[in-house]
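# Residue-level structure breakdown
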2 protein chains.
Amino acid sequence: MNIKTKRFLLPENEIPEQWYNVQADMVNKPLPILHPGTRKPLTPEDLYPIFNEACSQQELNQTDSWIPIPEEVRDMYKYYRPTPLVRAYELEKALDTPAHIYFKNESVSPVGSHKLNSAIAQAYFCKQEGITNITTETGAGQWGAAMSYAAKAFGLELAVYMVKVSYQQKPYRRSIMQTFGAQVTASPSMSTRAGKDILTADPNCSGSLGCAISEAIELAQATPHCKYVLGSVLSHVSLHQTVIGLEAEKQMAMAGEYPDEVIACFGGGSNFSGITFPFMRHKIDGSHKETRFIAAEPASCPKMTRGKFEYDFGDESGYTPLLPMYTLGHNFQPANIHAGGLRYHGAGTIVSQLLKDKMMEAVDIPQLETFKAATLFARTEGIIPAPESSHAIAATIREALKCKEEGKSKVILFNLSGHGLIDMTAYDMYLAGDLINYSIPDETIEKYLKEVEPLNK
Amino acid sequence: MNIKTKRFLLPENEIPEQWYNVQADMVNKPLPILHPGTRKPLTPEDLYPIFNEACSQQELNQTDSWIPIPEEVRDMYKYYRPTPLVRAYELEKALDTPAHIYFKNESVSPVGSHKLNSAIAQAYFCKQEGITNITTETGAGQWGAAMSYAAKAFGLELAVYMVKVSYQQKPYRRSIMQTFGAQVTASPSMSTRAGKDILTADPNCSGSLGCAISEAIELAQATPHCKYVLGSVLSHVSLHQTVIGLEAEKQMAMAGEYPDEVIACFGGGSNFSGITFPFMRHKIDGSHKETRFIAAEPASCPKMTRGKFEYDFGDESGYTPLLPMYTLGHNFQPANIHAGGLRYHGAGTIVSQLLKDKMMEAVDIPQLETFKAATLFARTEGIIPAPESSHAIAATIREALKCKEEGKSKVILFNLSGHGLIDMTAYDMYLAGDLINYSIPDETIEKYLKEVEPLNK
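Residues numbered from 1 in each chain as written. Chains lettered and ligands numbered in written order. Predicted model: local features only at pLDDT ≥ 70, side-chain atom pairs only at ≥ 80, totals over all residues. Heavy atoms only, no water.

What follows is about the overall build of chain A. Looking only at helices and strands, chain A features 19 helices and 15 strands. With respect to the three principal axes, the spread of C-alpha positions in chain A is 60 × 50 × 45 Å. Expressed as a percentage of its 457 residues, the buried residues of chain A come to 65%. With an accessible surface of roughly 15600 Å², chain A has 51% of that area assigned to carbon and sulfur atoms. Within chain A, the 52 negative side-chain charges are centred at a point lying 2 Å from the centre of the 43 positive side-chain charges. (Helix = DSSP H or I, 4+ residues; strand = E, 2+ residues; numbered from the N terminus. Buried < 20%, exposed > 50% of the residue type's maximum accessible area, 1.4 Å probe, protein only. Areas by Shrake-Rupley, 256 points an atom, 1.4 Å probe, with all protein chains shown as cover. Lys, Arg positive; Asp, Glu negative; His and termini not counted. Charge placed at Lys NZ, Arg CZ, Asp CG, Glu CD.)

This is the structure in structure tokens:
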């Protein structure tokens, strides 16, 4: 048994005072977001009708490297931050690897995932601007749960549109949101025109994230003093998540190491951005040129490994502006893997530019490999990981085994974005042998990408 | 908003080096545990056939106030200890109370409850003595989950008998145990004589903790190098849990306060003992004579508020030695409240003696009051509490409101023994208005207590 430090803990006063805005330091800035009609680059003012003003400005800020974190937000972070950095000694032992494996444990937040880092910030900015009601959508429910708690903490009323199939299959996440006091509606619903239209065409429609976004935006626009909030993809969400990496940087220094590789799972990019961007600035400034950044995406939703860099819509229905991103096409239908948080067709604009510029890499992981990794991690480190986070674990294990083969000792850091205690149905199915891998023919991907082509002409 | 310290955190090296054994300091020692046949006091050697030797000795140790925590156990504690002490500012604000409310947050353990504190210790001692297999029972599954992880960490094979009704109703907890690699069997089962007998008499029997204990003990005795482990009631379990209170004592000092009242929920007594015993020693030594210790039990299982101090069996089937305790009778059938961890007929021997000597108090709380308290706590402090822990929250709220009425500012500390993320079905039912309070007629209690009388003649 090791009698060594396992958890590197920072005191409360080491919660970062500023978020890191990588956009300001990037050599090649992300391409502009375009109005789909005029194809003119959007200004913050164009976003005000939907988002609060502070987040609208953050979204397009390409000049300030550091954005102060309001004292009220830091004060709420104190409930669970700084989160621990953990050296995964037992996992290393099980893999018999010379690699040093660390993970940042975001699962200790009260709602069980990193999502709270941005939920608190967005709720605060809404409150500051006199907004009383907010709307959002949620797929598997991690973002909805975080936003429900944050809204309650700042005295805002929240309406969540939850994808109907999740609403029925994940009753625990729905209950969590309701316990925090949010109003949760299965989407599509009869409460919006978008929902009505879809239900009229298909009364049995089980919903999609695209439809839920449309409903949430529509309700926000129809309600006085109401704005819409989103939990991933956008640059201001990534910004808020950088507290993860900023803390991890200090904690790695406590451990006397610097990561050779930083790994996170990838859905819309919020947890990946959060842990990597602060380390990325040292790759940009040349002080740590060799660090590798690896995004782990599902093999069944391979936008970064098999998608194309194009202008595309952020939602299925095409209601958003045009975003420059790696995409599988906004109509792409990901297989029903048990990692709902990663079933999204595109990557955020910053990450897409970084991938294009080879500042980072992406790997795709089949479903069974993620659950095998998750089970090993649970049995060695004692934490049952979220199926989403398990993609990062699987990628980490691949790298650690490579170290063993090559006899090299590398320092690997991954982000444990959340725990899987509410995802036990998926573990049950895995242990019973009821899960499968999905393979996607090239033709399928080509078909959906063809639908994006006209947007780029 | 308060810009004050919310969480009082201790560094890893402040994990206690010794457990506190209150038995040694008690003015009136607990009465001896008796062999049911000979009625002679048990010796540690009498317990060796069932329990490991170290725990058997701890069980009956009334001389050593401090028991060293093995370095390997402290090393495992490092994965989640010291746990935070939190000032519940938002709850105070919602109650508009002058009381200062603190809680020790044991829900941050990887399995979500305090149970791991003893599971790790018991697994370690078994391993040390060359034991390779262990058995245990679990009701709602908190103990089983903790033991599954601890067993895996020390390379022990674990068989868990899970009360059949919970096995069916709480599939997530069963999955957690299986994910950690434990073998989980619904009890009654055909794998033991005890189980077979019960199933033969009643093929549809949905099980009980008493039956599951019998099955686990029987399997342990029939298996070479195998011992049985238990998660509450016994004095060695309480001993291991004192890390909670020992840390809390240091953390209260960091906050510059000392509790006027220490509150915990009460099932078999493990989390109550854990947080109170270290503070109890200052009541015993006279340095803090006025501190009140309050056990919060369900109104539907009121062993301390309406039971009797008698010799009784620890299990339903009467296979254990005779324990001197406050009891409702070992055949008492608690109502089906959604706090499975508190549905037990008796209190441990130490706590029973302390209650008899008026060193502590007990209150009983109706189910609806616990869920009302839980929901308020979730919406203010952001953590969804386990239904068991919600009894402590409800008792705390009663005391805090009393402070408000009387215009007194007291310092209240309670133990948040676990989170309720896997108990959302109960929250759903509460929010839908489907939960009820249970009242137990005096005659019912008298009836079961009559069955205990012959044991005391």
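Okay, the relation of the copies chain A and chain B next. Relating one copy of the chain to the other takes a rotation about an axis and a shift parallel to that axis. Least-squares fitting of chain A to chain B yields an RMSD of 0.0 Å, with the superposition described by an axial translation of 0.0 Å and a rotation of 180°. Here the two chains are linked by the operation of a two-fold rotation axis. Comparing contact sets, 100% of the residues at the interface of chain A also lie at the interface in chain B, consistent with an isologous, same-surface contact. (Least-squares fit on C-alpha atoms with pLDDT ≥ 70 in both. Contact = heavy atoms within 4.5 Å.)

Residues and elements named next belong to chain A. By the burial criterion, the buried members of helix 19 (residues 442-450) are Ile445, Tyr448 and Leu449. Considered in projection along helix 19, the buried side chains sweep an arc of 100° and stay on one side of the axis. Opposite its buried face, helix 19 presents the exposed residues Glu443 and Lys450, each directed more than 90 degrees away. Among the structural elements, helix 14 (303-306), strand 12 (308-313) and strand 13 (322-327) are those in contact with the buried residues of helix 19. (Arc of directions from axis to C-beta.)

On to the interface of chain A and chain B. A common way to report how large an interface is uses the accessible area buried once the components associate. With 47 residues of chain A at the interface, the matching set in chain B holds 47 residues. Carbon and sulfur atoms make up 59% of the area that chain A and chain B hide from each other, which totals about 4600 Å². Together, Tyr79(A), Tyr172(A) and Thr179(A) form the three largest contributors to the area buried by chain A at its contact with chain B, with a combined 17%. Taken together, chain A and chain B are joined by 4 salt bridges. With a shortest N-O distance of 3.0 Å, Asp75(B) and Lys6(A) are connected by a salt bridge. Remark: the boundary between chain A and chain B carries 18 residue pairs in polar contact (both at pLDDT 80 or more). If you list the elements that add at least two residues to the side of chain A that touches chain B, you get helix 3 (71-77), helix 6 (142-153), helix 8 (171-179), helix 16 (367-381) and helix 18 (424-431) of chain A. With 7 residues, the single largest contributor to the side of chain A that touches chain B is helix 8 of chain A. In the side of chain A that touches chain B, the residues fall into 22 nonpolar, 10 polar and 15 charged. (Buried area = accessible area lost by both parts, 1.4 Å probe. Salt bridge = Lys/Arg side-chain N within 4 Å of Asp/Glu carboxyl O. Polar contact = N/O pair within 3.5 Å; in protein donor to acceptor, adjacent residues only side chain to side chain. Nonpolar A, V, L, I, M, F, W, Y, C, P; charged D, E, K, R; others polar.)

The next point concerns the side chain of Ser113(B). Residue and element names in this part refer to chain B. With respect to the element layout, serine 113 can be found in the loop between strand 5 (100-105) and helix 5 (116-128). Within the structure, serine 113 has its side chain in polar contact with the backbone nitrogen of lysine 115 (distance 3.1 Å). Filtering out sequence-adjacent residues up to four positions away, serine 113 remains in contact with Glu106, Gln142, Ser417 and Gly418.

All names here are of chain A. With 7 of 9 residues buried, helix 8 is to be regarded as a mostly interior element. Among the residues making up helix 8, those that are buried are Tyr172, Arg173, Arg174, Ser175, Ile176, Met177 and Thr179. Positioned one or two residues after helix 8, glycine 181 has a phi angle of 100°, which is positive.

Residues and elements named next belong to chain A. What the 7 strands build is an open sheet, ordered 1-4-5-15-10-11-14; its pairing is mixed. Each having just a single partner strand, strand 1 (7-8) and strand 14 (361-365) make up the two edges of the open sheet. Alignment of strand 1 against strand 4 (residues 85-87), held across 2 bridges, turns out to be antiparallel. Looking at strand 4, one finds that arginine 7 is bridged to valine 86. Contacting strand 5 (100-105), strand 10 (261-265), strand 11 (292-298) and strand 15 (411-416), helix 13 (residues 270-284) crosses the sheet at an angle of about 160° to strand 10. (Pairing = 2+ DSSP bridges. Axes fitted to C-alpha atoms, helices over the stretch in contact; angles between N-to-C directions.)

Residues and elements named next belong to chain A. Evaluated as defined, the whole model comprises 0 disulfides over all chains. Cysteine 301 provides the cysteine sulfur closest to cysteine 265, a residue in no disulfide bond, and the two sulfurs are 12 Å apart. Since its relative accessible area comes to 2%, cysteine 265 is described here as buried. (Disulfide = S-S within 2.5 Å.)

What follows deals with the pairing of strand 10 of chain A. All names here are of chain A. Of all 5 residues making up strand 10, 5 are buried, and the element is well covered by its neighbours. Of the two faces of strand 10, both are covered, the one formed by Glu261, Ile263 and Cys265 as well as the one formed by Val262 and Ala264. Bridge analysis of strand 10 against strand 11 gives 5 bridges, and the strand direction is parallel. Each bridged residue has a counterpart across the sheet, and for glutamate 261 the counterpart in strand 11 is arginine 292. Taken together, strand 10, helix 13 and strand 11 form a β-α-β motif whose crossover is right-handed. The pairing of strand 10 with strand 15 spans 3 bridges and is parallel. When the sheet's bridge partners are listed, isoleucine 263 is paired in strand 15 with phenylalanine 414. (Right-handed = clockwise from strand over helix to strand, strands pointing away.)

Residues and elements named next belong to chain A. Per the domain assignment, the segments of chain A are domain 1 (81-112 + 241-456) and domain 2 (116-230). In this structure, domain 1 and domain 2 have C-alpha centres spaced 25 Å apart. Tallying the contact residues gives 19 residues for domain 1 and 20 residues for domain 2. Here domain 1 meets domain 2 over a buried area of about 1400 Å², counting both sides, of which 58% is carbon and sulfur. The shortest N-O distance in the salt bridge between aspartate 423 and lysine 170 comes to 3.3 Å. There are 5 residue pairs in polar contact (both at pLDDT 80 or more) connecting domain 1 and domain 2. Within the side of domain 1 that touches domain 2, the residues separate by chemical class into 8 nonpolar, 6 polar and 5 charged. (Domains from an automatic or database assignment.)

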